[in-house]
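# Structural description and commentary
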Amino acid sequence: MQKTDCTLRQLDHGIMRVYHNNGLTLHAYQTCDPIDDEVFIVENNGRAIIIEYPCFYHNIKELTDYLTDSNIAVEGIFAAYHMAGGSFLPTTAVYATPSANIYEHSGGGRALIDNFAQVFGDAFDHTLPEVTNTLEAGSLSVAGIDITIIPNDEAYDIEIPALNAIYTHMLGHDCHSIVAGCDAADTLIAQLEGYLNRGYDVVLTSHYTPEDLKDVQTKIDYLKNIKKIAVRCSSADKFESQIEQAYPDYTGLNYLDMTTHFFFPDHA
């Protein structure tokens, strides 16, 4: 399965990309909301799991209508990095690791949700679902779909063998990412090199349309380069300026600001 092997359907608010592979159907919902969220429906002959929540009310209604119109019955929502949007399918089982539960209800994820609630007001569903099924590392099957849970300190990633796909929080081959210093960059590089070694067809993330291993390599090169730039810069301003010069077409300048703070924490 290639990232371009899909049919596109323009909805009123978002875009749906539909893929078929090894008996499964992947519905990749690009919400086109103010924070560029993606939600993934993995369907097995009308039964499905969903990865992540839509968090704006107009997307919640749109995705609910899409599921109804497509006769898709959702048997579980896997809430990893995005748990806001608790009004979406409120009676459906919610799966999360202990780390994801803490991150979203009282940790860094909750801080982001509270901030978004202030910024976006009534358009944003800041309510959080209760986790009904606690996940540990390893494999399980829901809706007849085999997946593998890969926990981390914040939440967890999901491998979907039948799609030869991995879901993680962020990639984005032409946008800046939040990089929490050199050690974090090294950890992310090692993770992405693992994707190359595993040979995934697609990488799914919650802020970008499906990507491939060429995009993974592009991100690895980006991470290595910002480390080099950080070493030769004496200030946050020089660092940020040189990054912008090196990647003039990249989006996500707010993420670059956060990365700069991590590399130069004394910068006011």
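Below, the structure is looked at part by part.

About the criteria used
- Residues numbered from 1 in each chain as written.
- Predicted model: local features only at pLDDT ≥ 70, side-chain atom pairs only at ≥ 80, totals over all residues.
- Heavy atoms only, no water.
- Patch = residues over 30% accessible without salt bridge, like charges linked within 9 Å, V, L, I, M, F, W, Y side chains within 5 Å.
- Areas by Shrake-Rupley, 256 points an atom, 1.4 Å probe, with all protein chains shown as cover.
- Salt bridge = Lys/Arg side-chain N within 4 Å of Asp/Glu carboxyl O.
- Helix = DSSP H or I, 4+ residues; strand = E, 2+ residues; numbered from the N terminus.
- Pairing = 2+ DSSP bridges.
- Buried < 20%, exposed > 50% of the residue type's maximum accessible area, 1.4 Å probe, protein only.
- Right-handed = clockwise from strand over helix to strand, strands pointing away.
- Phe/Tyr/Trp six-rings, centres within 6.5 Å; stacked < 30°, edge-to-face > 60°.

## A short note on a nonpolar patch on the surface
On the surface, Ile178, Met258 and Phe262 cluster together to form a nonpolar patch covering roughly 240 Å² of accessible area. Inspection of the secondary structure assignment puts Ile178 in the loop between strand E12 (165-168) and helix H4 (182-198).

## A short note on the sheet that holds strand E1 (residues 7-10)
With mixed pairing, eight strands are arranged side by side in an open sheet as E1-E2-E3-E4-E5-E6-E7-E8. In this open sheet, the two edge strands, each paired with only one partner strand, are E1 and strand E8 (133-134). Bridging between strand E7 (residues 94-96) and E8 involves two bridges; their strand directions are parallel. If you follow Ala96 over to E8, its bridge partner there is Thr134.

## Things to note about the pairing of strand E5 (residues 47-51)
Within E5, four of the five residues are buried, leaving the element largely enclosed by the surrounding structure. Where strand E4 (residues 38-44) meets E5, five bridges bridge the pair, whose relative direction is antiparallel. The residue of E5 that forms the bridge with Ile41 is Ile50. Counted between consecutive antiparallel strands, the loop separating E4 from E5 contains two residues, among which Asn45 sits at a positive phi close to 55°. Summarising the sheet, E5 and strand E6 (residues 73-78) pair through five bridges and their orientation is parallel. Paired with Arg47 across the bridge in E6 is Ala73. As a crossover connection, the stretch from E5 through helix H1 (residues 57-69) into E6 is right-handed.

## What to know about the pattern of salt bridges
For the coordinates displayed, the defined rule picks out seven salt bridges. A salt bridge links Arg110 to Asp114, with the nearest nitrogen and oxygen atoms 3.0 Å apart. Of this pair, Arg110 and Asp114 are both found in helix H3 (residues 108-120), four residues apart, which corresponds to roughly one turn of the helix. With relative accessibility at 32%, the residue Arg110 sits in the partly exposed group. Judged by its relative accessible area of 37%, Asp114 falls in the partly exposed class.

## Notes on the packing of aromatic side chains
Overall, the coordinates contain 15 aromatic pairs when judged by the stated rule. Summarising the aromatic geometry, the rings of Tyr222 and Tyr250 are spaced 5.6 Å apart at their centres and angled 20° between planes, so their arrangement reads as stacked. Of this pair, Tyr222 sits in helix H5 (residues 213-232) while Tyr250 is found in the loop between helix H6 (236-246) and helix H7 (253-263), placing the two residues 28 residues apart along the sequence. Considered together, Tyr222 and Tyr250 belong to a single accessibility category, that of buried residues. By way of ring pairs, the aromatic residues Phe56, Phe116, Phe120 and Phe124 are connected into one cluster.

Keep in mind these numbers describe shape, not what the thing actually does.
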